[in-house]
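What follows is the residue order along each chain.
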Amino acid sequence: MIKNTRKIGSIFEKQAGEYLQTKGYSIIEYNFRSKIGEIDIVAMDGEVLVFCEVKYRSDNRKGTPFEAVTIHKQKKICKTALYYITKHQITNISCRFDVIGITGNKIELIKNAFEYII
């Protein structure tokens, strides 16, 4: 059986977006894509622009969702975020990188999960 990971990912990204909204975030965009990479959710948390990575695992047998956000993945997200900021001509705003981990039915949010990396 072939799984449609893109479709599954979209379901959990929407769930994560709804969760963020309950925490006061305003969703700007889902699945921002460029040649560089993809950002699952772009949102505002008050006056802070947030780039959010969403990771889902049915269980922790292959590691936690947070362990899946490797240094390589973080660098790709950072480069994509820089492109997003440049493309939208965003200036004078604080930015941060959050990660949402979904394991089964449990959702966890790590605010400021990593710093900007080149």
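Worth saying up front: this structure is predicted, and the values here are computed from it rather than measured.

Our next topic: the overall build of the protein chain. Looking only at helices and strands, one finds two helices and five strands in the protein chain. Considered along the principal axes of its C-alpha atoms, the protein chain spans approximately 45 × 30 × 25 Å. Total accessible area computed for the protein chain in this model is approximately 7,300 Å², and 51% of it derives from carbon and sulfur atoms.

We now examine the pattern of salt bridges. Enumeration according to the criterion identifies seven salt bridges in this entry. The salt bridge partner of R96 is D45, with a shortest N-O separation of 2.7 Å. Separated by 51 residues along the polypeptide, R96 in strand β4 (residues 94–103) and D45 in strand β2 (residues 38–45) bring together distant segments of the chain. Its salt-bridge partner being D45, residue K111 comes within 3.5 Å of it at the nearest N-O pair. In this pair, K111 is assigned in strand β5 (residues 106–114) and D45 in strand β2, connecting sequence segments 66 residues apart.

The rules behind the values
Residues numbered from 1 in each chain as written. Predicted model: local features only at pLDDT ≥ 70, side-chain atom pairs only at ≥ 80, totals over all residues. Heavy atoms only, no water. Helix = DSSP H or I, 4+ residues; strand = E, 2+ residues; numbered from the N terminus. Areas by Shrake-Rupley, 256 points an atom, 1.4 Å probe, with all protein chains shown as cover. Salt bridge = Lys/Arg side-chain N within 4 Å of Asp/Glu carboxyl O.

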